[in-house]
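Structural overview for review
Listed here are the chains, written in short residue letters.
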Amino acid sequence: MQQIDLARTAFLFLPLFLLGLLVLPGRAALRIVLALAIAALVAFALPLMLDRGTLTYLVSFSTMAGIYAILSLGLNSQWGLAGHVNFGVAGFFAVGAFTSALFTTTMPEGALAAYSQQAFGLQWPFLVGVVMAGILAAIVGFLISIPVLRLRTDFLAIATLGIAEVIRFIFQNERWLANGPQPMRGIPRPFDCLFKDPACSWLPSGAAEFLSPLSPRDYVFFYLIVVSLILAVVFIALERISRSPWGRMLRAVRDEENSAAMNGKNVTRRRIESFVVGSFIMGVGGAVYAHYVVSIDYSHFNPLFATFIVWVMLMLGGSGNNKGAIIGAFAVWGVWSGAAFMIDAASPALQLISDDLPSRGAYLRWMLVALLLGLIVLYRPQGILKERKKVSDFMPGDTGKD
Amino acid sequence: MSMHDATGDAAVARRVDDRSAGERMVAALRSRTALAIALALTLVAFWGLGYREGASGSDLLSLTIWGVMLGGIIALGAIGLTLVYGVLKFPNFAHGELVSFGAYGTFTIMAFLPAGAILRPFSFGWELLAGMVVTMPLVALIALAVDRVLFRPLRVRDASLVLFAMASLAASFFLRSVIYLVWGSDFMFFYPGRSNPALSLPLDIRIQADQLFVFLLAAILVALTWILLSRTRMGKAMRATANNPDLAQVRGINTERVIAATWALGASLAVAGGVMYGLASQLRPEMGWFLLLPMFAAVIMGGIGSPMGAIVGAIIIGIAQQVSSSFINPAYGPGVSFILMVVVLVLQPMGLFGQKED
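Residues numbered from 1 in each chain as written. Chains lettered and ligands numbered in written order. Predicted model: local features only at pLDDT ≥ 70, side-chain atom pairs only at ≥ 80, totals over all residues. Heavy atoms only, no water.

**Observations concerning the overall build of chain A**
Rules: Counting from the N terminus, the helices are the DSSP runs of H or I reaching at least four residues and the strands are the DSSP runs of E reaching at least two. Atoms counted for the radius of gyration: C-alpha only. Globule rule: 2.2 Å times the number of residues to the power 0.38. Any pair of residues with heavy atoms lying within 4.5 Å of one another is described as a contacting pair. Per-residue and other accessible areas were derived by the Shrake-Rupley procedure at a 1.4 Å probe size, with only the shown protein chains allowed to occlude residues. Under this rule, positive means Lys or Arg and negative means Asp or Glu; His and the chain ends count for nothing. By convention, charge coordinates are those of NZ in Lys, CZ in Arg, CG in Asp, or CD in Glu.
Helix and strand content of chain A: 17 helices and zero strands. Relative to the 2.2 N^0.38 estimate, which gives 21 Å for 402 residues, the radius of gyration of chain A is 22 Å and therefore close to what a compact globule would have. Across chain A, the fraction of contacts at a sequence separation of at least 24, relative to all contacts at a separation of at least 6, is 77%. Accessible surface, chain A: about 17800 Å² in total, of which carbon and sulfur atoms supply 66%. Averaging the locations of the 30 positively and 23 negatively charged side chains of chain A gives two centres separated by 8 Å.

Structure below.
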């Protein structure tokens with residue numbers, strides 16, 4: 001085993017451990033031990049079994065799927081938990097991404113300022129940017145929720161769709177805000193000095209020596225850790241929330257609004273709160289995305305990539321089930337990415353049908369995802385994992401099988 | 001839901017008026033008259049803003065007339081949307097794609113037709129109109145096929161509104177991917193490079209003959225739809241089904257046939273809207289999606305299920321979009337229609353001509 005593979009193993013361990021905790025059955029203590037063992041084993045095995053390019057692809061795939069899983073969890077806290085039909089995921093995603101970019105980039109100066117404009121650039125650290133992204137998206141969600149959340153479900157769907165489009169128009173047309181139609185470049189990656197040749201100055205020389213064979217292209221190995229940690233935090237928080245009295249109250253408001261109101265619950269407040277929580281998570285997702293792709297523009301936040309596909313993920317995984325939301329994100333992103341290879345392989349066949357078809361093959365993926373959603377709606381609207389309806393661990397006879 | 005309770009309460013309170021002055025004021029603000037006044041004031045404010053930004057009176061007049069024309073295009077789409085919304089009770093997010101299919105279908109059929117002479121002063125020939133008429137039943141078939149495969153099973157299962165909305169979103173992306181696959185993502189024109197000079201009219205108004213034609217065609221089709229809905233058996237059955245599907249079925253109306261007729265009518269009008277929109281600007285796969293927001297705004301402003309309301313709403317939206325371009329970036333046009341929609345939803349979600357539900 002070469003040193004580069006060993007270094008990659010070190011980076012793979014933590015995400016695999018978290019994955020193990022998520023999927024393994026059993027009691028908590030047993031699960032931790034099992035997950036530790038399996039993660040260590042797999043982290044060693046993966047670099048040996050796969051060639052380096054494949055492994056890098058796998059890791060960047062997981063990073064992107066993890067980002068989508070954050071969005072899918074955010075949507076779950078709105079739709080799954082509280083029944084808001086938010087067709088405007090893209091809007092909050094965009095607000096989060098651009099906010100974090102503005103807070104962490106450097107204000108362009110001199111000749112660069114003529115090409116690149118932005119409202120401000122504060123050079124704050126990554127985590128502050130992420131939190132600010134969440135806060136700003138939450139504020140936007142709060143402002144929107146006041147007029148809109150009183151509406152019927154169908155109006156809410158139309159209104160949120162409109163909000164996302166308006167937000168995209170703003171980022172497209174306001175040059176002073178975030179460089180308008182031009183991409184906003186140079187969004188810093190946290191700790192990217194780990195992979196540069198003179199490594200970070202604060203790094204002990206042993207660690208620098210250990211990481212030295214890794215090139216900047218391997219940065220995604222580190223970012224996977226960042227994404228999986230944030231995903232884990234969001235997941236645990238949402239799991240706690242959905243089992244808390246507040247979460248039960250939300251589900252009561254969702255299922256029986258009138259009787260919840262009759263029992264003295266402030267229905268409007270709860271609905272607004274849940275919408276704001278979801279917006280915060282989507283904003284965080286946007287920030288994580290922005291720092292991963294480094295350069296963002298308005299076109300990233302179109303209804304397909306940022307709203308539609310997230311809904312497909314949540315519907316496939318299981319509305320109301322946080323684990324399902326994550327599984328759905330990985331599954332749909334897998335279909336989406338796998339379809340690219342499939343279409344590449346099929347391009348000679350496509351050529352036979354029409355000369356234009358291979359160059360338009362990308363749109364076959366749209367079709368595939370749309371078909372997937374149609375099939376889910378028709379044949380399995382509850383998704384892979386159903387919502388856990390269990391109310392309390394202490395209630396006798398409540399097996400959660402309901 | 002709470003909205004119904006609120007309106008029910010208002011009805012009771014009208015008989016025994018023991019409301020406080022504040023409550024009465026809120027109720028007055030939520031009336032249709034107030035909504036109509038608010039919309040009128042918005043338009044006046046738009047003209048004022050445009051004037052302040054240096055647009056001349058004739059500029060504003062031209063913009064207003066263009067707005068009425070844009071309203072005609074939006075109305076052609078919105079009538080179908082509001083009928084489907086009224087009869088099937090869900091927002092059909094795939095309606096914009098029917099508009100796009102209309103434009104692209106006509107484009108393809110025109111290629112098979114012999115190119116006729118230009119009908120001066122318009123910029124198009126007979127083949128455009130012929131293509132449009134041929135495309136109408138084809139797109140109606142597409143709409144019926146989508147309904148049969150997707151929406152009918154959901155109807156049979158009595159699925160929730162959200163599933164219908166999700167299904168229509170899926171249909172929207174599916175149909176758009178078909179457009180991308182068949183016609184590609186490049187912009188296309190019915191008549192590339194053909195000059196289309198503005199007519200010289202009194203008051204310095206600049207209008208192309210095509211724009212007048214768009215408005216005229218929209219008016220004729222809207223009038224035909226109106227006659228269909230108010231005079232024919234099928235039209236009456238449609239309105240009855242929209243009003244109360246169960247009762248309509250009990251009274252011997254074949255609701256499935258009514259639904260099929262609704263789709264066919266809505267799709268045909270959408271084709272006309274798409275062709276007119278393509279003639280006024282260009283053909284691109286996203287054209288229907290861009291029209292979707294203004295169409296929904298018109299539907300909600302007019303009141304769901306009301307074709308008359310959809311027309312009025314569409315014209316207000318059209319004027320607001322065009323006039324607003326005199327003082328803000330024209331790219332925000334759909335945003336303007338969205339803001340108007342939110343105003344309507346907050347003041348009076350039933351819209352200008354909507355029927356009270358239940």
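Here the narrative resumes.
**Focus on the overall build of chain B**
Heads up, the rule is: Here the term buried applies to any residue with accessible area under 20% of the maximum for its type, exposed to any over 50%, and partly exposed to those in between, with areas from a 1.4 Å probe on protein chains only.
A count of helices and strands for chain B gives 14 helices and two strands. For a compact globule of 358 residues, the expected C-alpha radius of gyration is about 21 Å, and chain B comes in at 21 Å, within 12% of that figure. In terms of overall dimensions, chain B has a C-alpha envelope of 70 × 55 × 35 Å along the principal axes. By the burial criterion, 54% of the 358 residues in chain B qualify as buried. A separation of at least 24 residues holds for 78% of the contacts in chain B among residues at least 6 apart in sequence.

**Examining the nonpolar core**
Here is the rule we go by: The criterion is simple. A nonpolar core is a set of buried Ala, Val, Leu, Ile, Met, Phe, Trp, Tyr and Cys residues joined through side-chain atoms within 4.5 Å.
Ranked by internal contacts, the top residues of the largest apolar core, which has 243 residues, are Phe87 of chain A together with Phe93 of chain B. With 16 residues, the top contributor of residues to this core is helix 7 (residues 161–183) of chain B. When residues no more than four places from it in sequence are discounted, the contact partners of Phe93 of chain B are Phe87, Ala157, Ile158 and Leu161 of chain A together with Ala165, Ser168, Leu169, Ser172, Trp289, Leu292 and Phe296 of chain B.

**Notes on helix 14 (residues 333–347) of chain B**
Applicable threshold: The span one expects for a helix is its residue count, reduced by one, times 1.5 Å.
For helix 14 of chain B, which comprises 15 residues, the first-to-last C-alpha distance of 22 Å matches the rise-based estimate of 21 Å (1.5 Å per residue) to within 8%. Helix 14 of chain B sits mainly inside the fold: twelve of its 15 residues count as buried. Within helix 14 of chain B, burial applies to Gly333, Pro334, Gly335, Val336, Ser337, Phe338, Leu340, Met341, Val342, Val344, Leu345 and Leu347 of chain B. Lining the buried residues of helix 14 of chain B we find helix 7 (153–173) of chain A together with helix 2 (21–29), helix 3 (32–52), helix 12 (287–302) and helix 13 (307–324) of chain B.

**Concerning the pattern of salt bridges**
Rules: Whenever a carboxyl oxygen of Asp or Glu lies within 4 Å of a side-chain nitrogen of Lys or Arg, that contact is scored as a salt bridge.
Scanning the entire structure with this criterion turns up 15 salt bridges over all chains. A salt bridge links Arg155 of chain B to Glu256 of chain B; the nearest nitrogen and oxygen atoms lie 3.1 Å apart. Here the residue Arg155 of chain B occupies a position in helix 6 (residues 126–157), and Glu256 of chain B occupies one in helix 11 (residues 255–280), the gap between them amounting to 101 residues. For Arg155 of chain B, a relative accessible area of 18% gives the class buried. For Glu256 of chain B, a relative accessible area of 29% gives the class partly exposed. Salt bridges sharing common partners tie together Arg251, Arg254, Asp255 and Glu387 of chain A.

**What to know about the confidence of the model for chain A**
To keep things clear, this is the line we draw: Confidence of the predictor in every single residue is expressed as pLDDT, which spans 0 to 100.
For chain A, per-residue confidence averages 87 on the pLDDT scale, and 97% of positions sit at 70 or higher. Per-element averaging of pLDDT across chain A places helix 5 (residues 112–115) of chain A at the bottom with 76 and helix 4 (residues 89–104) of chain A at the top with 94.

**Comments concerning helix 1 (residues 3–23) of chain A**
All names here are of chain A. Quick reminder of the rule: Throughout, bend refers to the angle between the axes fitted to the seven residues that end at a position and the seven residues that start at it.
Taking 1.5 Å as the rise per residue, helix 1 with 21 residues should run 30 Å; its terminal C-alpha atoms sit 30 Å apart, in good agreement. Roughly 35 degrees is the biggest bend found in helix 1, and it falls at Leu12, with proline Pro15 one to four residues downstream. Among the residues of helix 1, those classed as buried are Ile4, Asp5, Ala7, Arg8, Thr9, Phe11, Leu12, Pro15, Leu16, Phe17, Gly20 and Leu22. Looking at the buried residues of helix 1, the elements they touch are helix 2 (28–49), helix 3 (52–82), helix 9 (205–211), helix 10 (219–243) and helix 15 (322–345).

**A short note on the interface of chain A and chain B**
The criterion, for reference: Two parts placed together each lose some accessible area; with a 1.4 Å probe, that loss summed over both constitutes the buried area. Any pair of nitrogen or oxygen atoms within 3.5 Å is treated as a polar contact; in protein, a donor-acceptor pairing is required on top of that, and neighbouring residues in sequence qualify only through side-chain atoms on both sides.
Across the contact, 42 residues belong to chain A and 51 residues belong to chain B. Approximately 4200 Å² of surface area, both sides summed, lies buried where chain A meets chain B, with 77% of it carried by carbon and sulfur atoms. On the chain A side of the contact with chain B, Arg152, Ile158 and Leu378 of chain A bury the most area, a combined 15% of that side's loss. At the junction of chain A and chain B, the tally comes to zero salt bridges. Here chain A and chain B share five residue pairs in polar contact (both at pLDDT 80 or more) between them.

**Comments concerning a positive patch on the surface**
Basically, it comes down to this: Surface patches are defined over residues having more than 30% relative accessible area and no salt bridge, joining like charges when they lie within 9 Å and nonpolar side chains (Val, Leu, Ile, Met, Phe, Trp, Tyr) when within 5 Å.
Together, Arg231, Arg233, Lys236 and Arg239 of chain B give the surface a local cluster of positive charge. Among the elements that line the positive patch, the one with the most residues is helix 9 (residues 233–243) of chain B, at three residues.

**Brief notes about the packing of helix 1 of chain A against helix 2 of chain A**
All names here are of chain A. For clarity, the cut-off: Axes, fitted as lines to C-alpha atoms, cover a helix only where it is in contact. Angles between the N-to-C directions of the axes lie from 0 to 180 degrees. In this scheme the crossing of two helices becomes right-handed for a clockwise turn of the near helix relative to the far one and left-handed for an anticlockwise turn of less than a right angle. In this count, Pro and Cys sit with the nonpolar residues alongside Ala, Val, Leu, Ile, Met, Phe, Trp and Tyr, while Asp, Glu, Lys and Arg are called charged and the others, Gly among them, polar.
At their nearest, the axes of helix 1 and helix 2 sit 7 Å apart, and the two run at 145 degrees to each other. The handedness of the crossing between helix 1 and helix 2 comes out as right-handed. In this structure, helix 1 uses Asp5, Leu6, Thr9, Leu12, Phe13, Leu16, Phe17, Gly20 and Leu21 to contact helix 2, whose residues at the interface are Arg31, Ile32, Ala35, Leu36, Ala39, Ala40, Val42, Ala43, Phe44, Leu46 and Pro47. Taken together, the residues of the contact of helix 1 with helix 2 sort by class into 16 nonpolar, two polar and two charged.

**Re the confidence of the model for chain B**
All names here are of chain B. Residues at a pLDDT of 70 or more form 91% of chain B, whose mean pLDDT is 85. Helix 1 (residues 2–15) is the least confidently modelled element of chain B, averaging 48 in pLDDT, while helix 5 (residues 95–112) averages 94, the highest of any element. Note on residues 1–8: pLDDT under 50 across the span, and eight contacts to partners over four residues away in sequence or across chains.

**Concerning the packing of aromatic side chains**
Residues and elements named next belong to chain A. The criterion, for reference: Note on aromatic pairs: the rings of Phe, Tyr and Trp (six-membered ring only in Trp) are paired at centre separations within 6.5 Å, and the planes decide the class, stacked below 30 degrees, edge-to-face beyond 60, tilted for the rest.
Overall, the coordinates contain 41 aromatic pairs over all chains when judged by the stated rule. Pairing Tyr68 with Trp333 gives two aromatic rings, centres 4.9 Å apart and planes at 40 degrees, and the pair type is tilted. Of this pair, Tyr68 sits in helix 3 while Trp333 sits in helix 15, placing them 265 residues apart in sequence. In this pair, the class of Tyr68 matches that of Trp333, namely buried.

**Quick word on empty space enclosed by the protein**
Put simply, the rule is: We place a 1 Å grid over just the protein atoms. Points where a 1.4 Å probe fits but has no way out form a cavity, open points with protein on both sides within 12 Å along at least 5 of 7 lines form a pocket, and any residue with an atom within 4 Å of a point lines it. Grid points are joined across faces, edges and corners, and a volume is the space filled by probe spheres set on the points.
Summed over all chains, the structure comprises two cavities of 30 Å³ or more. Estimated volume of the largest cavity: approximately 70 Å³. Along its surface, the largest cavity is lined by Leu161, Glu165 and Phe169 of chain A together with Trp289, Phe290, Leu292, Leu293 and Pro334 of chain B. Broken down by secondary-structure element, the contributors of at least two residues to the lining of the largest cavity are helix 7 of chain A together with helix 12 of chain B. The greatest single-element share of the lining of the largest cavity, amounting to four residues, is contributed by helix 12 of chain B. Partitioned by chemical class, the residues of the lining of the largest cavity number seven nonpolar, no polar and one charged. Volume-wise, the second largest cavity comes out at about 50 Å³. If you trace the second largest cavity, you find it lined by Asn92, Ala94, Leu98, Ala143, Val146, Phe151, Leu175 and Trp263 of chain B. Residues belonging to the lining of the second largest cavity are distributed by class as follows: seven nonpolar, one polar and no charged.

**Focus on the environment of Met282 of chain A**
All names here are of chain A. Here Met282 is to be found in helix 13 (residues 267–293). The class of Met282 is buried, set by a relative accessible area of 0%. Between the C-alpha atom of Met282 and that of Gly96, which follows or precedes it by 186 residues, the distance is 7.1 Å. In this view, Met282 contacts Leu71, Gly74, Leu75, Gln78, Asn86, Val89, Phe92 and Phe93; residues no more than four positions away in its chain are not counted.

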